[in-house]
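Here are the chains, one letter per residue:
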Amino acid sequence: MKYISTRGQSPAQSFSEILLGGLAPDGGLYLPDSYPQLSDADLTAMRTMNYRELAFAVLSRFATDIPAADLKAIIDKTYTAAVYCNVREGENPEDITPLHTLEPNLHLLCLSNGPTLAFKDMAMQLLGNLFEYVLAKAGQGINILGATSGDTGSSAEYAMRGKKGVNVFMLSPHGKMSRFQTAQMFSLQDPNIHNIAIKGVFDDCQDIVKAVSNDHAFKADYKIGAVNSINWGRISAQIIYYFKGYFAATTSNDQQVSFAVPSGNFGNVCAGHIARMMGLPIKHLIVATNENDVLDEFFKTGVYRPRGAANTYHTSSPSMDISKASNFERFIYDLAGQDGSQVRALWTKIEQGGAFDLAAQGLFKEVGKFGFQSGASSHAHRIEMIRKIWQQYGLMIDTHTADGLQVALELREADVPMLVLETALPAKFEETIQEALGQTPMRPQGMEQLERLPQRFEVMAADAEAVKRFIQTHI
C-alpha cells in the first residue's frame, strides 16, 4: 500500500516512509491510496479476535512494508495488560478497551487505561514502538515536534521517554491545561523530553508545528518528525478500537452501531470515519464538541470557520479547546471525491485566516453519505452529566466524556447501540469533578502527589523561529 497527500502534489510513499514525517511536503496529510475493504467473512473472522489479534488484522492492511512477524512482535509488545492496567473494578485488563454498559444500547468504550489515563495512549504506545523499530532499521534518529491541548503531550512523552535516538519537543498553551495534565508533562526529567509552554492557545502551538514542518530545509537538517494526529500512524492505530467496540456491542454483522466521539482536532473521529469506509457497519459518527463548536457548525451548516486564538474559549474540557481541526482535511478530501486540487484551494483560504462554505458550493449535500451528526456541550451540561452518570450508574466520568454523553443522549436512536468514546479518567480533571460531585476522584497508585514533583519547562512566545532556535540548541 502507498500513501498520498490530501493536496495531491507529493509523491506516493510507504507506511514506514511517512511514519516519521508528519505533514506531506505539499502541506497536506497522508492517506492510503485506497481504503482496505472488509467482507462479511472478514468481519466474522475478526469478531472472535482479542485486541492484539484484531490490531494485527487491521494494521497489517496498512503497514504492508513491515514484515508480518515484525509487526506482530511490535503489537504484542504494545497491547498488554501490564501497560493498560488502569481499569475500573470489574473490568478485564486483557480486553485493553473494555465496553462498560450503562443501560441497554448505551455503552462507554473505555479507552483510558494506559499510563497517562487518556485515550491518546491507545495509539501513542504503539507509535513509540514503531518509531524505535523504523529508526533502528534506518540507523538514524528523530526530533519530534508536537503540540498538545492536554493529553497528546503526556501520552507522547511517556511513550517516547528513554527511546534511543528520539528527542521530544512538546508545545502546550501556557496555563491552559489542567493541573494534573501540566504536572504529568512538566514533571518528566528525562533528558530527551523538552516541554515548551507557549503564550497563547492550542491553535498557536499547532500553527508553529505546521510552520516548522513546512520549512523543508530545517525539517530535513534537524530530522523533524511528528506525533500529533496529523501522523498517519496515530490514526491507523485508533481504527482498531472501533472494530473492538463494534464486536463487543453486537452479535451479528447485520447490526449497526453509532459512535459518539468528543472532538477537538478530529483525529479520533477520523479513525472512525476510516473504519466505516473499510466496511465496519457504523450508522452514525457523532461529533461532540464543547463551546469551541467549529466542527458542530460545519456539520450543521456546511461552513468551516476557524475562530482564531482570540475567539477560542478556555473550558473545563480543555483538550477540546481547538478551533482549527488538523485532521478535518482528511475527511474533506474524501468528501471532495479525493480531489487534491479542491482541497488545496479550500485550505489556502483557511491558511490565510478565512473560511469556506461547502453548502454554497453544492458539496455539503454529500455529507449525509458519510454518516456524520454533531452537537455541542457547555460547562453547565458537563456538570449536570457528571452528576447524572454518578447518581444513576455510580460511575465517575471526566469532562470530555461528559460532552460525548451529552450529545449522544440528544441524538441516540432506541434500536441502535450507542457507544460513547471515553477520553480520560476523571482524575485528570479533579477541579471540575469536585465542583460537580463535591469529592475528589481516586488516582492510580503512584500519581497521588504528581503536582508536587519538580517541573521542568520553558515559557516562550508564539514564534516559530524562536522554537527552531530552541530545537537547534537542545538536540
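In the block above lies the structure referred to throughout.
The rules behind each value
Each chain has its residues counted from 1, following the order in which its sequence is written. With pLDDT at 70 or above as the cut-off, local features in this predicted model cover only qualifying residues; side-chain atom pairs require 80 or more to be listed or tallied, and sums for whole chains, interfaces and linings still use all residues. With hydrogens and water set aside, each side-chain value is computed from the structure's full complement of heavy atoms. Under the scheme applied here, a residue whose accessible area is under 20% of the maximum for its type counts as buried, over 50% as exposed, and between as partly exposed, the area being computed with a 1.4 Å probe on protein chains only. Numbering of helices and strands starts at the N terminus; helices are DSSP runs of H or I of at least 4 residues and strands are runs of E of at least 2. Strands are labelled as partners when DSSP assigns at least two bridges between them. What we call a nonpolar core is a set of buried Ala, Val, Leu, Ile, Met, Phe, Trp, Tyr and Cys residues that are connected through their side-chain atoms within 4.5 Å. Any two residues whose heavy atoms approach within 4.5 Å at even a single point are treated as in contact. Aromatic pairing here means that ring centres of Phe, Tyr or Trp (its six-membered ring) are within 6.5 Å. Orientation follows from the plane angle: under 30 degrees is stacked, over 60 is edge-to-face, and everything else is tilted. For a ring to carry a charge above it, either NZ of a lysine or CZ of an arginine must fall within 6 Å of the ring centroid while also lying within 35 degrees of the normal to the ring plane.

A. Spatial organisation of the pairing of strand E4 (residues 106-109). Here E4 shows no split at all, with Leu106 and Leu108 on one side and His107 and Leu109 on the other all buried. Note that strand E3 (residues 99-103) and E4 share 4 bridges and pair antiparallel. Within E4, the residue paired with Thr101 across the bridge is His107. Strand direction decides the pairing type here: E4 and strand E14 (residues 418-421), joined by 4 bridges, are parallel. Bridge pairing in E14 places Leu106 opposite Met418.

B. Layout of the nonpolar core. Counting residues in hydrophobic clusters, the biggest one holds 104 residues, and the most contacted among them are Tyr79, Tyr242, Phe243, Phe266, Phe298 and Phe328. When residues in this core are grouped by element, the largest group, 11 residues, is from helix H10 (residues 232-249). Not counting residues within four places of it along the chain, the set of residues in contact with Phe328 comprises Asn265, Phe266, Leu295, Phe298, Phe299, Tyr304, Trp347 and Phe356. Among the nonpolar cores identified, the runner-up in size contains 22 residues, and Ile389, Met418, Val420 and Ala436 belong to it.

C. Broad picture of unusual backbone geometry. Phi is positive for Ile96, which is not a glycine, with a value near 65 degrees. Inspection of the secondary structure puts Ile96 in the loop between helix H4 (68-78) and E3. Of note in the backbone geometry, Asn105 takes a positive phi value of approximately 70 degrees without being a glycine. Tracing the backbone shows Asn105 in the loop between E3 and E4. Asn105 sits in the partly exposed class, given a relative accessible area of 24%.

D. Representation of the sheet that holds strand E5 (residues 142-147) in the model. Read across the sheet, 5 strands follow the order E8-E5-E6-E7-E15 without closing on themselves; strand pairing throughout is parallel. Pairing within the sheet leaves two strands with one partner each, and these edge strands are strand E8 (224-225) and strand E15 (458-460). Here 2 bridges tie E5 to E8, and the two strands are oriented parallel to one another. Paired with Asn143 across the bridge in E8 is Ile224.

E. Up close: the packing of aromatic side chains. Counting across every chain of the model gives 30 aromatic pairs. Taking the centre distance of 6.4 Å and the plane angle of 45 degrees together, the rings of Phe243 and Phe247 count as tilted. Here the residue Phe243 and the residue Phe247 both occupy positions in helix H10, the gap between them amounting to 4 residues, near one helical turn. For the pair Phe243 and Phe247, a shared accessibility class is recorded, and that class is buried. By the ring-pair criterion, three or more aromatic residues cluster together here, those being Phe266, Phe298, Phe299, Tyr304, Phe328, Phe331, Trp347, Phe356, Phe364, Phe370 and Phe372. Sitting above the plane of the Tyr158 ring, Arg161 keeps its charged end 5.3 Å from the centroid. One Lys or Arg, Lys468, reaches over the ring of Phe218 and ends 5.6 Å from the middle of that ring.

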